[in-house]
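So the chains spell out like this:
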Amino acid sequence: MTNEKKLNKSIGIDETLPHQIEAPSFKDTGMKLQPPFKNSFGVTIGDSHYSSNSSPLENWSVETDPAVMAGDEWIHPTNDIGWNTTENKELLESKKPPQGYPFMHPTKDVSRGTD
């Protein structure tokens, strides 16, 4: 398999990242898992292989400016450790339809006052 085909191959299964135990599910949120991409340094971002020979991190020296590893080109939109935080998991959960659907009225609580 060529490197380009590996890059475009989806790493998720059913809108989840099963290789990350704490990763949330994107299923039913309206967000789709994005494929990995290469940044301007030639480092593949979002493939879950965290070392790259062309990464400044792997070639660090006292002359390396840490700012070279800042910015959006180092962040994957869906395969990023930031999604594992409580706040971002709650954000995804808020995008999912209620679990009572389709037996739940969208604006009326019919069980109120029945107990």
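A quick note: this is a predicted structure, and the numbers were derived from the prediction, not measured.

Draft legend 1. Summary view of the overall build of the chain. Counting its secondary structure elements, the chain contains 2 helices and 2 strands. Secondary structure elements in the chain, listed N-terminal to C-terminal, are α-β-β-α. Counting all 115 residues of the chain, 23% fall into the buried class. Partitioning the contacts of the chain with sequence separation of at least 6, the portion at a separation of at least 24 is 58%. Entry remark: accessible area of the chain is about 8,800 Å², with carbon and sulfur atoms responsible for 54%.

Draft legend 2. Up close: the pattern of salt bridges. One pass over the full model with this rule turns up 1 salt bridge. One salt bridge in this structure joins Glu 93 and Lys 96, with 3.1 Å as the shortest N-O distance.

Draft legend 3. The nonpolar core, seen in detail. Residues Leu 17, Ala 23, Phe 26, Leu 33, Trp 83 and Leu 92 constitute the largest nonpolar core, which totals 6 residues. With residues up to four places along the chain from it excluded, the contact list for Ala 23 reads Leu 17 and Asn 84.

Draft legend 4. Structural view of the confidence of the model for the chain. Per-chain confidence: the chain averages 80 in pLDDT, with 79% of residues scoring 70 or above. Looking across the chain, the model is least confident in helix α1 (residues 3-8), with a mean pLDDT of 47, and most confident in strand β1 (residues 37-38), with 94. Under a pLDDT of 50 for its full length, residues 4-8 has, in the predicted model, 7 contacts with residues more than four places off or in other chains.

Draft legend 5. Highlighting the side chain of Asn 39. Locating Asn 39 in the fold gives a position in the loop between β1 and β2 (44-45). A distance of 3.4 Å separates a polar atom in the side chain of Asn 39 from the backbone oxygen of Glu 73. Other than its neighbours up to four places away in sequence, Asn 39 contacts Ile 45, Glu 73 and Trp 74.

Rules behind the numbers
Residues numbered from 1 in each chain as written. Predicted model: local features only at pLDDT ≥ 70, side-chain atom pairs only at ≥ 80, totals over all residues. Heavy atoms only, no water. Helix = DSSP H or I, 4+ residues; strand = E, 2+ residues; numbered from the N terminus. Buried < 20%, exposed > 50% of the residue type's maximum accessible area, 1.4 Å probe, protein only. Contact = heavy atoms within 4.5 Å. Areas by Shrake-Rupley, 256 points an atom, 1.4 Å probe, with all protein chains shown as cover. Salt bridge = Lys/Arg side-chain N within 4 Å of Asp/Glu carboxyl O. Core = buried A, V, L, I, M, F, W, Y, C linked by side-chain atoms within 4.5 Å. pLDDT = per-residue confidence, 0-100. Polar contact = N/O pair within 3.5 Å; in protein donor to acceptor, adjacent residues only side chain to side chain.

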